[in-house]
Amino acid sequence: MATQDSTRPTTTQTHTPSSDPNAISFDSQKPVVRRKIRKICSLGAGYVGGPTCAVIANKCPDIQVTVADLNSQRIAAWNTDHLPIYEPGLIEVLKPARDGVDRTPNLIFSDKVRESIAAADLIFLCVPTPTKSTGTGAGRAADLVFVEKAARMIAEVAEDDKIVVEKSTVPCKTADRIRGTFSAMGRPGVRFDILSNPEFLAEGTAINDLLVPDRILIGSLKTEQGLQACTALADVYARWVPRERVITMNLWSAEMAKLAANAILAQRISSINALSAVCEATGADIDEVAFAVGLDRRIGSKMLKSSIGFGGSCFKKDVLNLVYIAETMHLPEVASYWNSVVEINEYQKDRFIKRIVACLFQTLTNKKVAILGYAYKKDTGDTRESAAISIVNHLIVENAEVTIYDPKVEESAIWESLSYGNDNFAKIKKRTTVCKTAYEACEDADAVVIATEWDEFSNKAIKPPNTTQSNPTTIDHSIAKRASNSSQDSEPASSTNGISSKSSLADLSSRTSVADEDEPAVKGTAPLVSIREHVATIEDVPLDGRLDWSHVARVMRKPMYVFDGRNVVDAAKLGRLGFRVEGIGKAGTGTL
């Protein structure tokens, strides 16, 4: 794409007050002078900074993009093909820009943080914002220590004007605190413009989320300089994102939007999980209930997959941050409402663990339990807030012997997550074994617990839609695909919008999830069919790369239990192999 004259006036797409609160208009009365971005720096080389900058560098070959981090070991890993994070499609996007494959390299990973700041025109803050563990707001408030350190370093180093962009999820008005740091510490004559550009990435689909985003939010002050900075960042995204998806708004609204999005997504998961408990008590099937509810267009089918609870670095942290904000603003009813979302999530894990104990004769002493999956969701190696951590801890308290297998989580990451703040780690280490294969983990086990919905654990296969029928009514078979699709902790990306990378995205989708636009509608007279024809059908033989449950049956102890925390297996088929299956939101087959 040809570069544009840096002095030519342009218009900025803005969210403007009107009778329609969702109205978006072009303010052509106030032309904004462009600020050309030539060098970008990300402070933080984690799950946000790495993928975000890889895509920007890939799409903007004329911009030098540097990912800077004080962790030299992490930076070294980014400069190899064994990246420090697992994300489908990441290496394919990263290598051309980093290694100069058929182009000039423009993606740099560096531990020279101060030099990277000094050279940049625009700086992304992609640093951790964990929940505070001590002090005021402990257990709820966001800990902004890394944000403050980054702001101080920028103020100390900067010798020319900088655009500083909040990518990390932060509480409202954090930009004011950053501005105060710059005002107190910055060099005379150096200007800092602060933007909020929250990320809406879901681990496992982050590259697709970056290439084909639902929206790009940019919050700024509505001053001339603020709008110039906003337009400069919008121009970067416009290299591959349609302008109508780049939304500008109030700085504080952009900060709040990320918290609100994650809180509502988490609330949907807790809602369906609360209903799963009712289903187990009444004999209803939560998958059938979710399918029926999701057909209502006002509700939709996304994020209605019941499980042992959400995990990851965002949902719990952001909901608790919202709780803390409500408490500090003297809104106790609001705080209580959002806190209940987290309470249901913890209740779901506790309920699942009690079900395991009840089925195994009320005692786990010296019984072997295999944990299949340790990441908090499939298609990632991230273990933060994984339900598997709680399960292992409780099983060890019950004196069980535990084996763990996950196809992507490193053994060191498993031990690190189990040791964090755990006084019982010595006992955990003694009674826990990390295995290289699922079969090794299941050998001589009394029970199998499916904690992550990795495709290889499932014995389900999607039944292709019958396109030979004709019907004036369109049947949404996409729900069948989504019913067995990835975890609760991701918001599915929108359909493709005609960008130049369409073919590569199609290849990526085939490895991650099924794109909605490829789902044909079925027209004609709709036959009366079982709901299960919409959800899944079972093949008689294991699919390539998937677990051979008949082999598992041969190596486990009898009676054999499968506790399916993600509803990825077909209980009837496993039942024919002799398994007793307990799923979420379903009547069990093996309660004693």
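Basis of the calculations
- Residues numbered from 1 in each chain as written.
- Predicted model: local features only at pLDDT ≥ 70, side-chain atom pairs only at ≥ 80, totals over all residues.
- Heavy atoms only, no water.
- UniProt positions renumbered as here; feature names shortened; annotations may be inferred.
- Helix = DSSP H or I, 4+ residues; strand = E, 2+ residues; numbered from the N terminus.
- Buried < 20%, exposed > 50% of the residue type's maximum accessible area, 1.4 Å probe, protein only.
- Contact = heavy atoms within 4.5 Å.
- Areas by Shrake-Rupley, 256 points an atom, 1.4 Å probe, with all protein chains shown as cover.
- Polar contact = N/O pair within 3.5 Å; in protein donor to acceptor, adjacent residues only side chain to side chain.
- Pairing = 2+ DSSP bridges.
- Right-handed = clockwise from strand over helix to strand, strands pointing away.
- Axes fitted to C-alpha atoms, helices over the stretch in contact; angles between N-to-C directions.
- pLDDT = per-residue confidence, 0-100.
- Phe/Tyr/Trp six-rings, centres within 6.5 Å; stacked < 30°, edge-to-face > 60°.
- Lys NZ or Arg CZ within 6 Å of the ring centre and 35° of its normal.
- Salt bridge = Lys/Arg side-chain N within 4 Å of Asp/Glu carboxyl O.
- Parallel < 35°, antiparallel > 145°, perpendicular 65-115°, else oblique.
- Core = buried A, V, L, I, M, F, W, Y, C linked by side-chain atoms within 4.5 Å.

In the annotation of an unreviewed UniProt entry, the entry for the protein reads UDP-glucose 6-dehydrogenase, and the organism field reads Imshaugia aleurites. UniProt lists a comment for the protein under the heading Sequence similarities (unreviewed entry), and it reads "Belongs to the UDP-glucose/GDP-mannose dehydrogenase family." Reading the Catalytic activity (unreviewed entry) entry of the UniProt record for the protein gives the comment "UDP-alpha-D-glucose + 2 NAD(+) + H2O = UDP-alpha-D-glucuronate + 2 NADH + 3 H(+)".

Right, let's get into the overall build of the protein. In terms of regular secondary structure, the protein is built from 21 helices and 20 strands. Within the protein, buried positions represent 53% of all 592 residues. Within the protein, residue pairs in contact and separated by at least 24 positions form 78% of the contacts whose partners lie at least 6 positions apart. When the accessible area of the protein is evaluated, it comes to approximately 26,100 Å², of which 53% is carbon and sulfur surface.

Secondary-structure assignment places R239 in the loop between α8 (224–237) and β12 (246–250). Side-chain polar atoms of R239 contact the side chain of D62, separated by 2.6 Å.

The buried count for strand β5 (residues 39–43) comes to four of five residues, which makes it a mostly enclosed element. Bridge count for β5 against strand β6 (residues 64–68) is five bridges, and the pairing is parallel. Each bridged residue has a counterpart across the sheet, and for I40 the counterpart in β6 is V65. With helix α1 (residues 49–59) bridging β5 and its parallel neighbour β6, the resulting β-α-β unit is right-handed. Bridging between β5 and strand β8 (residues 122–125) involves four bridges; their strand directions are parallel. Bridge pairing in β8 places C41 opposite I123.

On to the sheet that holds strand β15 (residues 432–434). Across the sheet, six strands lie side by side as β15-β14-β13-β16-β19-β20; this open sheet has parallel pairing. Sheet topology places β15 and β20 (579–583) at the edges, where each strand pairs with a single neighbour. Direction aside, neighbouring strands of the sheet carry axes that sit 20° apart on average. Strand direction decides the pairing type here: strand β14 (residues 401–405) and β15, joined by three bridges, are parallel. Following the sheet pairing, T403 is matched in β15 by T433. Contacts between helix α14 (residues 411–419) and the sheet are confined to β14 and β15, with β15 contributing the most and set at about 150° to the helix.

We now examine the UniProt feature "active site" (unreviewed entry) in the protein. UniProt marks C314 with the feature "active site" (unreviewed entry), using the numbering shown here. Following the sequence through the fold, C314 ends up in the loop between α10 (286–294) and α11 (315–328). The class of C314 is partly exposed, set by a relative accessible area of 22%.

Moving on: the confidence of the model for the protein. Averaged over all residues, the pLDDT of the protein is 85; the fraction at 70 or higher stands at 80%. Counted against residues more than four places away or in other chains, residues 1–28, with its pLDDT under 50, gives 53 contacts. Taken together, the stretch residues 467–541 has pLDDT below 50 and engages in 149 contacts with residues farther than four places along the chain or on a different chain.

Right, let's talk about the packing of aromatic side chains for a bit. Inspection of every chain in the model, using the stated rule, returns nine aromatic pairs. On the basis of an interplanar angle of 80° and a centroid distance of 5.8 Å, the ring pair of F310 and F315 is categorised as edge-to-face. Residue classification places F310 among the buried residues on the basis of a relative accessible area of 3%. Relative to F563, the ring of Y561 has its centre 5.7 Å away and its plane inclined at 5°; by these criteria the two rings are stacked. Positioned over the ring face of F200 is R215, at 3.7 Å from the centre of the ring. Directly above the ring of W415 sits K429, whose terminal nitrogen or CZ lies 4.0 Å from the centroid.

This part takes up the pattern of salt bridges. Summed over the entire model, instances satisfying the criterion amount to 33 salt bridges. One salt bridge in this structure joins D81 and R98, with 3.1 Å as the shortest N-O distance. Placement of the pair is D81 in the loop between α2 (72–78) and α3 (90–99) and R98 in helix α3, with a sequence separation of 17 residues. Accessibility expressed as a relative area gives 53% for D81, which makes it exposed. We note a salt bridge from R298 to D296, for which the minimum N-O separation is 2.6 Å. Overlapping salt bridges, with partners in common, bring together D81, K95, R98 and D99 in one network.

As a further point, take the pairing of strand β9 (residues 162–166). Counting buried residues in β9 gives five out of five residues, a clear majority hidden from the surface. Side chains K162, V164 and E166 project from β9 onto one buried face, and the interleaved I163 and V165 project onto a second face that is buried too. In this fold, β8 hands off to helix α5 (residues 145–157), which returns the chain to β9; that crossover is right-handed. With helix α6 (residues 174–185) bridging β9 and the parallel strand β10 (residues 192–196), this β-α-β connection has right-handed handedness.

Interaxial distance between α6 and helix α9 (residues 251–282) falls to 9 Å at its minimum, and their mutual angle equals 125°. Relative to α9, the element α6 is oriented oblique. Where α6 abuts α9, its residues T174, A175, D176 and R179 lie against L251, W252 and E255.

This next bit is on the nonpolar core. Side chains that are nonpolar tend, in soluble globular proteins, to be buried together. Counting 58 residues, the largest nonpolar core has I371, L372, W549 and F579 as the members making the most contacts within it. For this core, the leading source of residues is helix α13 (residues 387–397), giving seven residues. In contact with L372, other than residues within four places in its own chain, are Y405, A438, A441, C442, V448, V449, I450, A451, T452, F457, L547 and W549. One finds I40, I75, L90 and L233 within the second-largest nonpolar core, a separate group that totals 47 residues.

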